[in-house]
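# Remarks on the overall topology
For reference, the chains in residue letters:
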Amino acid sequence: MHATTPRLVLRPFTAADGAALHAYLGLAEVVRFEPYGPVTRDGAEREAARRAGDPRFVAAVRREDDVLVGHVYCAPEGPPAWRTWAVGYVFDPRYGGVGYATEAARAVVDHCFRAEGAHRVVAGCDPRNERSWRLLERLGMRREGHERRCASFEDDADGRPVWHDAYRYAVLAQEWVTAG
Ligand SMILES: CC(C)(COP(=O)(O)OP(=O)(O)OC[C@H]1O[C@@H](n2cnc3c(N)ncnc32)[C@H](O)[C@@H]1OP(=O)(O)O)[C@@H](O)C(=O)NCCC(=O)NCCS
């Protein structure tokens, strides 16, 4: 996807984005709620090259100085006939708190509805990840579920899964048009 928002350019990743990706995916605080740990510099280089051919990942680049500030994930979910898309996002905390993630995610959700013909856009997050669910609510998404102990990304010292909850959010096409 290619799009421009007031402060950002949204574009595909390129293989040259490895250092910028490492700057935030290398931080434990950033990947705390992700199903993977901090990436190494080499891992970030490989990931940038991989994402360069993966349209599900959208890089958010600041227009004023061309700095990559984060990314949005966007992909179809479930049977194609359901026209449901899932979104996610990870942003560099050095540029947090000024609305870049909201601005980028809003543009991606808008793209799902207007360009992809989505009927419904969904997102999930750990209830402890308040910044994430506050972002979803800024977008106008509705909390539709609180799933209990539905996922685990790690085992405890005894080899048992560490379960965590998830909030489920969604917005429908007719609601997005109305909100817009
Ligand atoms: C989730 C995440 C993207 C949220 O980042 P964020 O900095 O809170 O989000 P934004 O960039 O949209 O900034 C929002 C803040 O900017 C403020 N803001 C200022 N100008 C704004 C604008 N024009 N538009 C929207 N918000 C604006 C908002 O009021 C909000 O401030 P607050 O936190 O004091 O309420 C970030 O915490 C992150 O990447 N976390 C790690 C990865 C992660 O957990 N991803 C989600 C997995 S489900």
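Up top is the structure.
Conventions used here
- Residues numbered from 1 in each chain as written.
- Predicted model: local features only at pLDDT ≥ 70, side-chain atom pairs only at ≥ 80, totals over all residues.
- Heavy atoms only, no water.
- Pairing = 2+ DSSP bridges.
- Helix = DSSP H or I, 4+ residues; strand = E, 2+ residues; numbered from the N terminus.
- Contact = heavy atoms within 4.5 Å.
- Axes fitted to C-alpha atoms, helices over the stretch in contact; angles between N-to-C directions.
- Parallel < 35°, antiparallel > 145°, perpendicular 65-115°, else oblique.
- Left-handed = near helix turned anticlockwise from the far one by under 90°.
- Nonpolar A, V, L, I, M, F, W, Y, C, P; charged D, E, K, R; others polar.
- Near = heavy atom within 4 Å.
- Polar contact = N/O pair within 3.5 Å; in protein donor to acceptor, adjacent residues only side chain to side chain.
- Areas by Shrake-Rupley, 256 points an atom, 1.4 Å probe, with all protein chains shown as cover.
- Buried < 20%, exposed > 50% of the residue type's maximum accessible area, 1.4 Å probe, protein only.
- Phe/Tyr/Trp six-rings, centres within 6.5 Å; stacked < 30°, edge-to-face > 60°.

Right, let's talk about the sheet that holds strand β8 (residues 161-172) for a bit. Across the sheet, which stays open at both edges, the eight strands sit in the order β1-β2-β3-β4-β5-β6-β8-β7 with mixed pairing between neighbours. Two strands lie at the open edges of the sheet, namely β1 (3-4) and β7 (142-155), each paired on one side alone. Two elements, strand β6 (residues 120-125) and β8, share six bridges in a ladder whose sense is antiparallel. Its bridge partner lying in β8, Ala123 is registered against Tyr169. Packing against the sheet, helix α1 (residues 18-25) makes contact with β4 (68-76) and β5 (84-91), and its axis sits at approximately 90° to β4.

A positive phi is found at Asp66, a non-glycine position, where the angle reads about 65°. Tracing the chain through its elements places Asp66 in the loop between β3 (57-62) and β4. One non-glycine residue, Arg149, lies in positive phi territory at about 45°. With respect to the helices and strands, the residue Arg149 is situated in strand β7.

Okay, the packing of α1 against helix α2 (residues 41-51) next. Two elements in contact, α1 and α2, have axes whose closest approach is 8 Å; the angle formed by their N-to-C orientations is 120°. In terms of their interaxial angle, α1 and α2 are classed as oblique. Handedness of the α1/α2 crossing: right-handed. Between α1 and α2, the residues in contact are Gly18, Ala19, Leu21, His22 and Leu25 and Arg41, Ala44, Glu45, Glu47, Ala48 and Arg51, respectively. Tallied by class, the residues present in the contact of α1 with α2 amount to five nonpolar, two polar and four charged.

Okay, the site of the ligand next. Around the ligand, a shell composed of 20 residues is seen, among which Tyr89, Gly97, Thr102, Asn129 and Arg134 lie nearest. Between Arg131 and the ligand, the recorded distance is 2.9 Å, taken from a side-chain N or O atom to an oxygen atom. Protein contact buries 71% of the 950 Å² of open area that the ligand shows by itself. Contributions of two or more residues to the shell around the ligand are made by β5, α3 (100-114), β6 and α4 (130-138). Ranked by residues supplied to the shell around the ligand, first place goes to α4 with four residues.

Examined against the element boundaries, Pro6 turns out to sit in the loop between β1 and β2 (8-12). Note on Pro6: relative accessible area 70%, which makes it exposed. As for Pro6 and Arg62, which are separated by 56 residues in sequence, their C-alpha atoms are 9.6 Å apart. Discounting residues that sit within four places of it in the chain, Pro6 has contacts with Arg63 and Glu103.

Looking now at the packing of aromatic side chains. Throughout the structure, instances matching the rule amount to four aromatic pairs. Look at Phe113 and Trp176: their rings are 5.7 Å apart centre to centre, the planes differ by 35°, and that puts the pair in the tilted class. Of this pair, Phe113 sits in helix α3 while Trp176 sits in helix α5 (residues 173-179), and the two are 63 residues apart along the sequence. Comparing Phe113 with Trp176, the two get one shared label, buried.

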